[in-house]
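The primary structure of each chain is shown beneath.
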Amino acid sequence: MSAPPLADVAARAAQRAPDAATVATLADSLSRALGPTQVSTMEAARRAASTDFAHLSPLLPVVLPDRPADIVVNPRDAAGVVTAVRLAHAAGVPVTPRGRGTGNYGQAVPLAGGLVIDLSQCDRVLEVGEGWIRAEAGATFVALEAAARQRGQELTMLPTTVGSTIGGFLAGGAGGLGSIQHGWLWDGFALNLDIVGCPPAEGPVTVHGGRCRPYLHAYGVTGLITAVTVRLAPARDWEAVLASFPAGPGPDHGAGALAAARALLHLEPAPRLVSLDEPDLVATYPADAAMPPGRYSLRAIVDAAAVGLVREIVAGAGGRVEAVRADGAGYLATFAFNHVTLRARRARPDLVHLQVSGEALVADGEAVRAALPGAMLHLDGLRLFLDRADPARGRHFGGLLLSRFQDAATLYRGIDRLSDLGVQVVDPHSWLLDGPALADIRARAAANDPAGLLNPGRFPDS
Ligand code: FAD
């Protein structure tokens, strides 16, 4: 495998950037339609709306354009979104939807300038029912979880970036806390979505169930999500458990920690999170007495009623429970998924990450580490496939492989070695759409956005 041709894609997308006269005319008509406070052409606002967390990758910042969007709008409701898209379409100007800009593949960075529609002010929680919550796309996970909890429920899934938006997660994320039980966000999390195409209909069009799929993890190329209904479950009383295990030399290196992690993964009710780090990775984290240096760190968010059993599992595998924190779930989330990359690269900017999954991570961790120079493995519990007849099946570990960055060629040779070991790698150094839903997304984009104005440059051949 070689690095995707991102520089070529970016150069082609840049050719679609509007000229100065078109920008001025569009800015003027947006101001008149939405009111001047919802429209900005100031450079600081345009730059702020044209970044995301692509800097987690040492490769992406080199190929992302240094040309911000030309105009940013902050509509307050779906009608404002429809108006902005209609005017941009009439002017032939590219549109990039935006939540809080926490995506980490550069997928929220406009490649052709144009208009950014920032939906973070469309943030109302609209209604909570039995098993579902409905909200505008800009609602944050903090707001959604609080509203659900007031009704004795909780989100079935949320990313570790709890200040991000539900629309941005559905359009740019994958899973997170809750994924051990509920799988990925395309496994039934979204019940329905309100969509604005380009050009828009009179108002948003609602899609239900399986028809949501081409809008999920599609980076907005199939339409802007203006409101969502997502799945809730009865609220649990979660506690954070932090345990540690000795690190020993030889092939059994970390065997106790791994055995305990596997046992936690199969607890009932399923934990909201199970994460495991080796000592070298723990060394990149801020000091915490419950993550002692030189030891494996196993952390889990478990049902309060299961804490006794967790203590037994940890002790039985040769570990120590270092802390049980009733208010620690949010804290543990910041040591999971790409928060690990964020923390590790703060301490060691020489690191590069890959998102990995597959049996080999636990069956042959040494071979996995050997694929890249100085590699360290972080594991998060997940449900890799959904078997409705047997909800305990499919629980496994995915995670991150962090290694010393040498160059792109070494990294992509490492990906080949990992593939040979049966490890699935999601390349976090590319903003191109990929995966089994790609054909579906492409067909829906052709129907909803025939002029290709929505977030251009995201298809592999664009
Ligand atoms: P943005 O970054 O603003 O947008 C993401 C994508 O969606 C962009 O392509 C954008 O154009 C598009 N988009 C935004 N809003 C809309 C809309 N309303 N309609 C259509 N398209 C839209 N992701 C996970 O899945 N799980 C994690 O646990 C997780 N942890 C992370 C940890 C860190 C430290 C970082 C930096 C990122 C992490 N992410 C994770 C990625 C990201 O934070 C999440 O996917 C997040 O929910 C994105 O939301 P956002 O509001 O910031 O979206």
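Remember, it's a predicted structure, so these values are computed and weren't measured experimentally.

Visitor: Talk me through the overall build of the protein chain; I want residue IDs and the actual numbers.
Guide: Looking only at helices and strands, one finds 17 helices and 18 strands in the protein chain. Taken across its 462 residues, the protein chain has 57% of its residues classed as buried. Across the protein chain, every contact between residues at least 6 apart in sequence was considered, and the portion connecting residues at least 24 apart equals 75%. Surface exposure of the protein chain reaches about 17,700 Å², of which carbon and sulfur atoms provide 54%. Both charge centroids of the protein chain, one from 40 positive and one from 45 negative side chains, sit 2 Å from each other.

Visitor: Can you tell me about the site of the ligand, naming the residues and giving the values?
Guide: Near the ligand lie 36 residues; those nearest to it are P97, T102, T165, A174 and G175. Measuring from an oxygen atom of the ligand, one finds a side-chain N or O atom of T165 at 2.8 Å. A distance of 2.8 Å separates a nitrogen atom of the ligand from a polar backbone atom of I225. When the ligand sits alone it has 980 Å² of accessible area, and the protein chains cover 97% of it. Within the residue set of the shell around the ligand, elements represented by two or more residues are β3 (95-98), α7 (166-172), β10 (224-234) and α13 (338-347).

Visitor: Lay out the sheet that holds strand β14 (residues 320-325) in plain terms, naming residues and giving numbers.
Guide: Strand order in the open sheet made by the eight strands is β14-β11-β13-β12-β16-β17-β15-β18, with antiparallel pairing throughout. A single partner strand is all that each edge strand has here, and the edge strands are β14 and β18 (424-426). Here the average twist between neighbouring strands, direction ignored, is 20°. As paired elements, strand β15 (residues 351-357) and strand β17 (residues 395-404) share seven bridges and run antiparallel to each other. Across the sheet, the residue bridging to L351 is R404, located in β17. Running at roughly 20° to β15, helix α16 (residues 408-420) makes contact with β15, β17 and β18 of the sheet.

Visitor: Describe the sheet that holds β3, with residues and values.
Guide: Taken in spatial order, the four strands of this open sheet run β1-β2-β4-β3, and their pairing is mixed. Every other strand in the sheet has two partners, leaving β1 (39-40) and β3 as the edge strands with one partner each. Looking at chain direction, strand β2 (residues 71-73) and strand β4 (residues 115-118) are connected through three bridges and run parallel. If you follow V73 over to β4, its bridge partner there is I117. Along the sheet face, helix α2 (residues 20-34) touches β1, β2 and β4 and points at about 15° away from the line of β2. In the packing of helix α5 (residues 78-91) onto the sheet, the strands contacted are β2, β3 and β4, and the crossing angle to β4 comes to about 170°.

Visitor: Any details on the nonpolar core? Residues and values, ideally.
Guide: Buried together is how nonpolar side chains tend to be arranged in soluble globular proteins. Ranked by internal contacts, the top residues of the largest apolar core, which has 77 residues, are L115, L170 and L193. Sequence-distant contacts of L115, defined by excluding residues within four places in its chain, comprise L30, I71, V72, V73, A84, A88, V93, P94, V95 and T96. I180, L276, V302 and L361 belong to the second largest nonpolar core, which has 42 residues in total.

Visitor: Account for the packing of aromatic side chains, naming residues and giving values.
Guide: Tallying each qualifying case throughout the model produces five aromatic pairs. Residues F169 and F189 carry aromatic rings whose centres are separated by 6.1 Å and whose planes lie at 80° to one another, so their mutual orientation is edge-to-face. Of this pair, F169 sits in helix α7 while F189 sits in the loop between α8 (179-182) and β8 (190-196), and the two are 20 residues apart along the sequence. Looking at F169, the relative accessible area reads 5%, which means it is buried. Among the residues examined, F189 registers a relative accessible area of 1% and is labelled buried. On the basis of an interplanar angle of 70° and a centroid distance of 5.0 Å, the ring pair of Y331 and F335 is categorised as edge-to-face. Here Y331 falls in the partly exposed class, since its relative accessible area comes to 29%. Aromatic ring contacts, followed pair by pair, group F141, F169 and F189 into a single cluster. When the ring centre of F335 is taken as origin, the NZ or CZ atom of R343, which lies over that ring, is 4.0 Å away.

Visitor: Residues and numbers for the domain arrangement of the protein chain, please.
Guide: The domain boundaries assigned to the protein chain delineate domain 1 (6-118), domain 2 (125-234) and domain 3 (239-426). For domain 1 and domain 3, the distance between their C-alpha centres works out to 37 Å. Taken together, the contact between domain 1 and domain 3 spans eight residues of the former and twelve residues of the latter. Contact with domain 3 buries area across many residues of domain 1, yet L56, P58 and L59 alone supply 69% of it, more than any other trio. For the pair domain 1 and domain 3, the interface holds three residue pairs in polar contact (both at pLDDT 80 or more). Looking at the side of domain 1 that touches domain 3 residue by residue, the classes come out as five nonpolar, three polar and no charged.

Visitor: Run through helix α1 (residues 6-14), naming residues and quoting values.
Guide: Within the sequence span of α1, burial applies to L6, V9, A10 and A13. Around the axis of α1, the buried residues are gathered within 100° of arc, so they sit on the same side. In this fold, the buried residues of α1 make contact with α4 (60-63).

Visitor: Talk me through the pattern of salt bridges; I want residue IDs and the actual numbers.
Guide: In the structure shown here, the tally under the stated rule is 19 salt bridges. D194 serves as the salt-bridge partner of R134, at 2.9 Å between the closest nitrogen and oxygen. Of the two residues, R134 sits in strand β6 (residues 132-136) while D194 sits in strand β8, which places them 60 residues apart along the sequence. D461 is the salt-bridge partner of R442, the closest N and O atoms lying 3.1 Å from each other. Taken together, the residues span a long stretch of sequence, with R442 in helix α17 (residues 438-448) and D461 in the segment after α17 at a distance of 19 residues. What makes R442 partly exposed here is its relative accessible area of 33%. One continuous salt-bridge network, built from bridges that share partners, spans E145, R149, E154 and R272.

Visitor: Residue-level account of the environment of M376, with values.
Guide: The residue M376 is located in strand β16 (residues 376-383) in this model. In this structure the C-alpha to C-alpha distance between M376 and Q38, which are 338 residues apart in sequence, comes to 46 Å. Setting aside residues up to four positions removed in sequence, M376 forms contacts with E278, D280, L281, R348, L351, L400, L401 and L402.

Cut-offs used in this document
Residues numbered from 1 in each chain as written. Predicted model: local features only at pLDDT ≥ 70, side-chain atom pairs only at ≥ 80, totals over all residues. Heavy atoms only, no water. Helix = DSSP H or I, 4+ residues; strand = E, 2+ residues; numbered from the N terminus. Buried < 20%, exposed > 50% of the residue type's maximum accessible area, 1.4 Å probe, protein only. Contact = heavy atoms within 4.5 Å. Areas by Shrake-Rupley, 256 points an atom, 1.4 Å probe, with all protein chains shown as cover. Lys, Arg positive; Asp, Glu negative; His and termini not counted. Charge placed at Lys NZ, Arg CZ, Asp CG, Glu CD. Near = heavy atom within 4 Å. Polar contact = N/O pair within 3.5 Å; in protein donor to acceptor, adjacent residues only side chain to side chain. Pairing = 2+ DSSP bridges. Axes fitted to C-alpha atoms, helices over the stretch in contact; angles between N-to-C directions. Core = buried A, V, L, I, M, F, W, Y, C linked by side-chain atoms within 4.5 Å. Phe/Tyr/Trp six-rings, centres within 6.5 Å; stacked < 30°, edge-to-face > 60°. Lys NZ or Arg CZ within 6 Å of the ring centre and 35° of its normal. Domains from an automatic or database assignment. Buried area = accessible area lost by both parts, 1.4 Å probe. Nonpolar A, V, L, I, M, F, W, Y, C, P; charged D, E, K, R; others polar. Arc of directions from axis to C-beta. Salt bridge = Lys/Arg side-chain N within 4 Å of Asp/Glu carboxyl O.

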